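Structure at a glance
As a plain string of letters, each chain reads:
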Amino acid sequence: MSAMPTIRSREMRVAHDIPISKTLPFWEGLKQGKILATKCKKCGKLHFPPVADCSCLSSDMEWIELSNEATIETFTHVVVRPATFQHEKPYTVAIGRLKEGVRVLAWLTNFKPSEIKVGMKAKLVAKQTPQGQLTYEFTRPE
Amino acid sequence: MQKVAVIGVGNSKFGNRNDVNVQELAFEAVKQSIEDAGVSPTDIEFVAFGSAGAGAWYEESLPAVTISEYCGLTGAGLVRCEAACATGSAAFFTAYSAIASGYAEITAAIGVEKMRQIDTPTAMEFIGRSGYYTWEFHNFGLTFPAYYALHATAHMAKYGTTEEDLALVAVKNHKYASMNPVAHFQNKITVDDALSSMVIAWPLKLYDCCPITDGAASVILASEEKVKELKIDTPIWVAGIGYSSGTANLSKRLDYVGLEAAVQASRMAYKMAKITPDQVDFANVHDCFTIAEIMAYEDLGFCKKGEGAKLIREGQTEIGGKIPVNVDGGLKAKGHPIGATGCSMIYELTKQLREEAVEKSRQVPLKNYIGLAHNVGGTGHYCYVTILRR
């Protein structure tokens, strides 16, 4: 990669096992087509992404299923992709606001790029990829 | 609090520096700054070192110790600071605080990044993971250009800012970089070059993005007493430092047309320096992407919210305008070696305030002898604003 003389470092492969035991209902919910958030029983704050612990320092939370109606607040079409997304086609990432007031960042699919506008409506859906990865995305409302 | 001055600055050549390892690169800036201050390495009591990508885009995991040893600084108090792209300013604040608090008399802030020892998709991967990995990268592969593209889309929708406006920032910063021998890019570009360049993360194109750059910058600071003792000709005083932070998840921000952390950090810095934005003679702002410079004009109070594009269209941020911005080429064209950028901003402010910009053609006119550095980490995840005064 370099025209100048170099020595090559030892190669190391890294992947992390990220614990999800405290937010397991969220990941299980995705399998059932539901998008869950947590709500603090003490201060009432609704959290998405879901958290086990509130910024008010209470850990007394309940699980709430979110509506799937979103208003797109902003978006971008990612053309130049990072190493682990090289196999994907260019993708659109958007931030949408749900009627509950929380915002969600996710891929926006099934629209032509020219159709996508700030302020438009989209539907938030849970998804399991063919490789089994649990995720969620904005898509065209029915 | 003790008064603190910048007494020495150094900046390596920025660019593709695969002629040197990280220690050798840091040495270039450290040596310059120590010689500029007229002290010796053993006079430095505390070193705040800044690098964001240690062990990731270059091989050393504890570069503070390898670089300290290499530069003759072993024995000084030592810490590595990380505030993403504001790492250099975090190091500067740490070195400043050591003196302001009365702990030390002479300190150093050293910022270094070596970003080009790995391939570009892997570099983009590391930077893309620098938001909230679990919620923004893991499933969605958000890259750093994409983070700022989300802001550009929102700013364009709300205020009518255009892709041409963004291109004007790139054209200006390339122009000044071509006058700055330490800059990564030495070429001028046109609006058409920028608009026709490849899309990276729409609406941002290649020329809207800063390059992946190797570089180092170093700053030596001293107490008022030491400034007198060392008979420093032109001490540049730290008049104000402000800081703030923003949520890790972009989805938790209230809007995407500015960076609240920058608004709060600048207010704090202006208050400490007892000045208003119109008293600032010139600024170095965090233009990692062209939209970031336009938002910075607004967040720092150089214009009203939503009028940033007007400022660049009117040429008000060129030398001769209302407030020259990034006349060293900025991150956009001087380059953005992540951990070095904050210290490199202090280097530029100091040179300008001493009226010794190497190239006279890009010396800014000084009325109040006040310069401002605005250094954002992540997408408004961290922000430091530093005001220097001669």
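From a predicted model like this one, the values you see are computed outputs, not experimental measurements.

Examining the pairing of strand 4 (residues 69-78) of chain A
Where burial is concerned, most of strand 4 of chain A is hidden: 8 out of the 10 residues are buried. In the sheet, strand 4 of chain A pairs with strand 7 (residues 121-128) of chain A via 3 bridges, with the strands oriented antiparallel. Residue pairing across strands places Glu-69 of chain A opposite Lys-123 of chain A, the latter belonging to strand 7 of chain A. Here strand 4 of chain A pairs with strand 5 (residues 91-98) of chain A via 8 bridges, running antiparallel. Considered in strand 5 of chain A, the bridge of Phe-75 of chain A is made with Ala-94 of chain A. Sheet topology note: the strand 4 of chain A/strand 5 (residues 199-202) of chain B ladder contains 2 bridges and is antiparallel. Note on strand 5 of chain B: the bridge partner recorded for Val-78 of chain A is Ala-201 of chain B.

Notes on the domain arrangement of chain A
Residue and element names in this part refer to chain A. If you check the domain split of chain A, you get domain 1 (21-66) and domain 2 (67-142). On a C-alpha basis, the centroid separation for the pair domain 1 and domain 2 is 21 Å. Of the residues lining the interface, 11 residues belong to domain 1; the matching set on domain 2 comes to 12 residues. Top element by residues in the side of domain 1 that touches domain 2 is helix 1 (residues 24-31). It accounts for 4 residues. Along the lines of polarity and charge, the residues of the side of domain 1 that touches domain 2 split into 7 nonpolar, 2 polar and 2 charged.

Side note on the sheet that holds strand 3 (residues 61-65) of chain A
All names here are of chain A. Strand order in the open sheet formed by 3 strands is 2-1-3, with antiparallel pairing between adjacent strands. Each end of this open sheet is capped by a strand with a single partner; those strands are strand 2 (46-47) and strand 3. Pairing of strand 1 (residues 36-40) with strand 3 involves 5 bridges; the strand directions are antiparallel. Counted as the bridge partner of Cys-40 is Met-61 from strand 3.

Here's the deal with the sheet that holds strand 9 (residues 282-284) of chain B
All names here are of chain B. Here we have 9 strands laid out as an open sheet, ordered 3-2-4-7-1-8-11-10-9, and mixed in their pairing. Because the sheet does not close on itself, it has two edges, and the strands there are strand 3 (77-81) and strand 9. Sheet twist, expressed as the mean angle between neighbouring strand axes with direction ignored, is 25 degrees. As judged from the 3 bridges shared by strand 9 and strand 10 (residues 370-377), these two strands associate in the parallel manner. Note that in strand 10 the partner of Ala-283 across the bridge is Leu-372. Packed onto the sheet, helix 10 (residues 260-273) meets strand 8 (236-245), strand 10 and strand 11 (382-389) and runs at close to 150 degrees relative to strand 8.

Some points on helix 6 (residues 144-159) of chain B
In a regular helix each residue adds 1.5 Å, so 16 residues correspond to 22 Å; helix 6 of chain B covers 23 Å between its end C-alpha atoms and thus fits that length. With respect to burial, helix 6 of chain B is a largely interior element, 13 of its 16 residues being buried.

Looking at the interface of chain A and chain B
Listed by partner, the interface residues are 33 residues for chain A and 31 residues for chain B. The set of elements that each furnish at least two residues to the side of chain A that touches chain B consists of strand 4, strand 5 and strand 6 (103-108) of chain A. Here the side of chain A that touches chain B gets 6 residues from one element, more than from any other, and that element is strand 4 of chain A. Considered class by class, the residues forming the side of chain A that touches chain B number 19 nonpolar, 10 polar and 4 charged.

As for the nonpolar core
Among the nonpolar cores identified, the biggest contains 165 residues, and Ala-26, Ile-110, Val-219, Leu-221 and Cys-383 of chain B are the most heavily contacted of them. The element contributing the most residues to this core is helix 6 of chain B, with 9 residues. When residues of this core are assigned to domains, at least three fall in each of domain 1 (21-66) and domain 2 (67-142) of chain A. Setting aside its immediate chain neighbours within four residues, Ala-26 of chain B contacts Ile-67, Cys-71, Ile-110, Val-112 and Ala-216 of chain B.

A few points about the packing of helix 7 (residues 163-177) of chain B against helix 11 (residues 290-299) of chain B
Residues and elements named next belong to chain B. Contact pair helix 7 / helix 11: the axes reach a minimum separation of 8 Å and the direction vectors enclose 95 degrees. Here helix 7 lies roughly perpendicular to helix 11, going by the angle between them. Here Asp-165, Leu-166, Val-169 and Ala-170 of helix 7 come into contact with helix 11, specifically with Thr-290, Ile-291, Glu-293 and Ile-294. Of the residues belonging to the contact of helix 7 with helix 11, the class tally is 5 nonpolar, 1 polar and 2 charged.

Cut-off values and rules
- Residues numbered from 1 in each chain as written.
- Chains lettered and ligands numbered in written order.
- Predicted model: local features only at pLDDT ≥ 70, side-chain atom pairs only at ≥ 80, totals over all residues.
- Buried ≥ 20, exposed ≤ 12 C-beta atoms within 10 Å, placed from the backbone.
- Helix = DSSP H or I, 4+ residues; strand = E, 2+ residues; numbered from the N terminus.
- Pairing = 2+ DSSP bridges.
- Domains from an automatic or database assignment.
- Contact = placed C-beta atoms within 7 Å.
- Nonpolar A, V, L, I, M, F, W, Y, C, P; charged D, E, K, R; others polar.
- Axes fitted to C-alpha atoms, helices over the stretch in contact; angles between N-to-C directions.
- Expected span 1.5 Å × (residues − 1).
- Core = buried A, V, L, I, M, F, W, Y, C linked by C-beta atoms within 7 Å.
- Parallel < 35°, antiparallel > 145°, perpendicular 65-115°, else oblique.

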